[in-house]
Structure formats: structure tokens, C-alpha cells
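# Structural features, examined
One-letter residues, chain by chain:
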Amino acid sequence: MLKAIYDWVDERLDITPIWRDVADHEVPEHVNPAHHFSAFIYCFGGLTFFVVVIQILSGMFLAMYYVPDIVNAHASVNYLQNKLAMGAIVRGMHHWGASVSIVMLFLHTLRVFFTGSYKHPREFNWVIGMLIFFVMLGLGFTGYLLPWDNKAYFATKVGVEIAATVPFLGPYIASFLQGGDIVGAQTLARFFALHVFFLPAALLGLLGAHFILIRRQGISGPL
Amino acid sequence: MEKKHEQVHYVGDSRVRVNREKMYPKDYSEFPGKTEAFLPDFLLKEWMVAVVFLVAFMTLVMTEKPPLGEIADPTNTSFLPVPDWYFLFIYELLKFNWAAGKFIVIGTLGLPGIAFTALLLVPWLDRSPERRPFKRPIATGIMLLVLVSIVVLTWSAETEHKEQLESAPGPTPENTKVIGQNEQGHKLYQQNACVKCHGEQLEGSNGPSLLGIGNRRSADYIIKVIDEGKGTMPAGMFQGSPQEKKILADWLVKQKQK
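Residues numbered from 1 in each chain as written. Chains lettered and ligands numbered in written order. Predicted model: local features only at pLDDT ≥ 70, side-chain atom pairs only at ≥ 80, totals over all residues. Heavy atoms only, no water.

## A look at the overall build of chain B
From N to C terminus, chain B includes ten helices and one strand. The linear arrangement of helices and strands in chain B, starting from the amino end, is β-α-α-α-α-α-α-α-α-α-α. Taking all 258 residues of chain B together, 31% fall into the buried category. A total accessible area of about 17500 Å² is found for chain B, and carbon and sulfur atoms account for 62% of it. (Helix = DSSP H or I, 4+ residues; strand = E, 2+ residues; numbered from the N terminus. Buried < 20%, exposed > 50% of the residue type's maximum accessible area, 1.4 Å probe, protein only. Areas by Shrake-Rupley, 256 points an atom, 1.4 Å probe, with all protein chains shown as cover.)

Below, the structure is given as C-alpha cells:
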């Protein structure tokens, strides 16, 4: 039955080559933790992606309850954390996942650096990886404000003040981040939009490019 | 370039040349050892690693509750701002004299700018075909140096923030009653300079509140702080004898909450 459905779809859409291309490519022994325990360092990238998936899923559920305005933001976080079934777990995953994803991304970057995997022909994938790093830091910075507690508010205020000291561009960066002259209602709405729409879109695009390039170029050989 | 004389062929009606040389990934049969298909063989093994990771991660999630402070109050002047831990090293960098005030550009744009540009351009800065870390000591050395400085900066930012938190007058504890008001320790407390910064009722003013200090500190620790000072508190503020100092410390340890 399932086979018949698959064949019916495949006959019309020719989907087999798409997934077989992903499935069939050979993975060499030197990155396989089943053959060499030390090869777990080659799993950092995959684990980073795993945490990103956790972040996206937990974030989607948080967005069902979170309210991005200065009156209700704190109360809604308080509600979903303390009143809602499993709310503390979902927020916990998103909160700790933010730190863990930075850690895993850092470890992955170090692995790529110290194995010299960014060299010819993989230069572009390194650059894309660095851009992913910046986007993730941006996600961390914008997400930090959203609970709208004192810690969030004053950290963002300091962050914006630091950005404002950049010569020439500083004031523009500051007013872009704040959406006005102070860290306030506009800033929260703006950070929410950046955190939930703009930066994830950029992240997914960059991740897609990252994976296509890995598939094109293959994993770098053993040292 | 012997191909110059060959007839040029195109794919279909496009301008893409047939047999244009491409950089195909190395065939893994050229690598020694056992290769396996990505799906499902290899992914299953990677999933095993992910399961171990997931167990550790969920343990963290279930034991440590994510923090949520008081609702943001822009008029709160005593709140000590601190960024998330992965920004701490930049935060700490900006405290150096040569990267602050007049030279803030060095801290905000100069050093991070150079570091991030260099990081972005790593493949073109380190162009040798050699991949082993020990065979390219400059790249490896610079990266290790950067790593160590990031760790040190983060560490000192964290300790500094903790110290500031301790010497700042924190929130008033629930029970504001001073324990043992008739004891000699209380008298010594009021006769010495302690009372000026830590308050008439131990509520704290310039210094932190000492209500509930007994929950956190031992008598030995208190004596050490009295002798050596701490944060903004200078050393040797206590004028009495060592015995009296001991009485004062013992009395302070009695200040417990709940």
C-alpha cells in the first residue's frame, strides 16, 4: 500500500533522485564515531544543527504564548514558565539551548580551524560558517531582551550604548536597534521581529548554502 | 593548454561547456578504511552521539530553571547590567583604559573588527596547503592565543561582576529584625565604623546589607574581610582588640534569615 502510494507520487514528481542523492553519498571512515571514538569531534557541526532544530521547535511553541509588548511580555513569560504545563521545560530548552548552540558552534569552528578544513576548495564554506556565527550571536542578543526583566533591559541598554560609540555609523546603528531614542516599546517589538523573522530567515538560508556546499565538496579528508 | 584546439561543445542550447572541468569531491574509495552510506547507516551513528548529547542537555534543562527577574524598570538605578556570558569578553575588553573613554573606538571597532575580519578571511590569510595544526604554527599559535585571552577576559568579567553584586546593597531581606540587640557584638558594631556603611539596622547603605550574613559567611571569613577589606571597603576599619573582633564576628554570624 505504502509502496503503491510512493510509486504513484514518484511516477509524477520523480522524487527518488532527490532523496537518494542525500542518502547514498558515502561517508568516510575518519569522521565516523563508530570506527574511531575521537571522530566525535566531527559530530559538532551536526550537533549544532540539532540544537538549532531544538531552538526552532521550542521557539515556535514559546511564540504561542509570548506577547511582544512591554506591558505583557514579562507577564506572559512568567505565565508560560510557572503556570503552563511543560512551560518551564520548553522555555528551559530555549534558554539553555541558546547557550549550548553557541558552545557547539564554537567547538565546530575550532574543529574546522584546527583540522585546516577551510582550505582549498572549501574557502567559501568557511565564510558562510562565520556568517552563521554572526547571525547566531545576533539571535542571542535580540532574544536576551524578550523576557523584559531588568537583566534583559539593562543588558540591551548597555549593548546599544556600546554600539552607539562606533564612529559615524554609531548613532544610526543605535536608532536602528532601538527604533527610537530610548530602549522601550519600539525596541521590544523590533527585537522580536528580528529574533523571530529576520534572523531565522537569514540563518536558514545560510544553513542551506552551508549544507549544499558540504554536499558539493565533500568532507575534508583525514589529516 | 592542449584543449585550445579542440572543438567547443555546449550542453543543450546553453553556454555551458560540455566536460568543463569541475571540482568534484574526492571519491571516498580513495580514502583508506570503511566508508558507509549517509542514510541510514552513518546518520544512525551520528544519532547515537546526538542521544548522549540530548540526555545531557535535557538533564541541564530539568535541573536548572531558566531565570526570570523582576519586570524591567528603567528607573532602577542600582541594577548592575551584565550581558549574556558569550558577550562578556567584549564587555571586559571595554574596561581597559586603552580601549575605553577616548580610545573606545579601539575596543568597539578596532580589536573586534580586526579579529572578526581576520576570522572571516582565514582561508586567504593561511594559504599553505598544509592542514595539520603543528605544521602551520602561526595560524595555530594565533588561534590559541585568542582562545586563551577570550577565556581569561570572560573569567575576569564574571568574577568582577560577582564581586560587584556582593558589595552592592542588595534587596532587603524579609526579616529586618537585628538579632541579639543587647549583646556586646551589637555595641561593638555601633561603636565602630561598620555602622556608617552597613546601616543602623544592618540594612546597608554604601555597603551591602548584613542581614542574613550568617547564612552565607563564616566568622573566619568575616574577620578576614574586616582585616583586609573588600571591594570598596578599606582594610583595618575595626579599631578594637582581636578579642572584640572575634565577638563582633560571632555576633554577625548569628544574623540568620529563617
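## Brief notes about unusual backbone geometry
A cis amide bond links A:His120 with the next residue in sequence, A:Pro121, at an omega value of 5 degrees. Among the secondary structure elements, A:Pro121 is positioned in the loop between α5 (87–114) and α6 (123–145). The step from B:Leu39 to B:Pro40 runs through a cis peptide bond, and the omega angle for that step is 0 degrees. Here B:Pro40 shows up in helix α1 (residues 38–63). For A:Met86, which is not glycine, the phi dihedral falls at a positive 65 degrees. Relative to the assigned elements, A:Met86 resides in the loop between α4 (73–82) and α5. Of note in this structure, A:Trp148 is not a glycine but carries a positive phi near 55 degrees. If you trace the backbone, A:Trp148 turns up in the loop between α6 and α7 (150–164).

## Concerning the interface of chain A and chain B
Interfaces are frequently sized by the accessible area removed from exposure as the parts join. In this assembly, 82 residues from chain A lie in contact with 70 residues from chain B. With both sides pooled, the region where chain A packs onto chain B buries about 7000 Å², and carbon together with sulfur makes up 73% of that total. The tally of links from chain A across to chain B stands at one salt bridge. We note a salt bridge from A:Lys119 to B:Asp126, for which the minimum N-O separation is 3.0 Å. Where chain A packs against chain B, one counts 29 residue pairs in polar contact (both at pLDDT 80 or more). Among the elements of the structure, α2 (16–24), β1 (26–27), α3 (44–62), α4, α5, α6, α7 and α9 (185–217) of chain A are those that each provide at least two residues to the side of chain A that touches chain B. (Contact = heavy atoms within 4.5 Å. Buried area = accessible area lost by both parts, 1.4 Å probe. Salt bridge = Lys/Arg side-chain N within 4 Å of Asp/Glu carboxyl O. Polar contact = N/O pair within 3.5 Å; in protein donor to acceptor, adjacent residues only side chain to side chain.)

## What to know about the domain arrangement of chain B
Splitting chain B by domain gives domain 1 (34–62), domain 2 (85–167) and domain 3 (184–253). Placing the centre of domain 2 of chain B and that of domain 3 of chain B at their C-alpha centroids yields a distance of 40 Å. (Domains from an automatic or database assignment.)

## Here's the deal with the pattern of salt bridges
All names here are of chain A. Per the stated rule, a full pass over the model turns up 13 salt bridges over all chains. We note a salt bridge from Arg20 to Asp24, for which the minimum N-O separation is 2.8 Å. Of the two residues, Arg20 and Asp24 are both situated in helix α2; the distance of four residues between them amounts to about one turn of the helix. Taking the relative accessible area as the measure of exposure, Arg20 reaches 35% and is therefore partly exposed.

## What to know about helix α8 (residues 170–178) of chain A
Residue and element names in this part refer to chain A. Every buried residue of α8 is listed here: Gly170, Ala174, Leu177 and Gln178. Projected onto a plane normal to the axis of α8, the buried residues spread over an arc of 90 degrees and lie on a single side. The inward-facing, buried residues of α8 abut α6, α7 and α9. Where α8 terminates, the next one or two residues include Gly179, which has phi positive at roughly 70 degrees. (Arc of directions from axis to C-beta.)

## A few points about the nonpolar core
Ranked by internal contacts, the top residues of the largest apolar core, which has 29 residues, are A:Phe113, A:Trp126, A:Ile132, A:Met136 and A:Leu203. Secondary-structure elements contributing two or more residues to this core are α5, α6 and α9 of chain A together with α5 (137–167) of chain B. Top contributing element to this core by residue count: α6(A), with ten residues. In this structure, B:Tyr189, B:Leu211, B:Ala219 and B:Ile226 belong to the second largest nonpolar core, which totals 18 residues. (Core = buried A, V, L, I, M, F, W, Y, C linked by side-chain atoms within 4.5 Å.)

## Quick notes on α3(A)
Over its 19 residues, α3(A) extends 26 Å from the first C-alpha to the last, a length consistent with the 27 Å expected when each residue adds 1.5 Å. Every buried residue of α3(A) is accounted for by A:Phe44, A:Gly45, A:Leu47, A:Thr48, A:Phe50, A:Val51, A:Val52, A:Ile54, A:Gln55, A:Ser58 and A:Leu62. Close packing links the buried residues of α3(A) with α4, α5, α6 and α9 of chain A together with α1 of chain B. (Expected span 1.5 Å × (residues − 1).)

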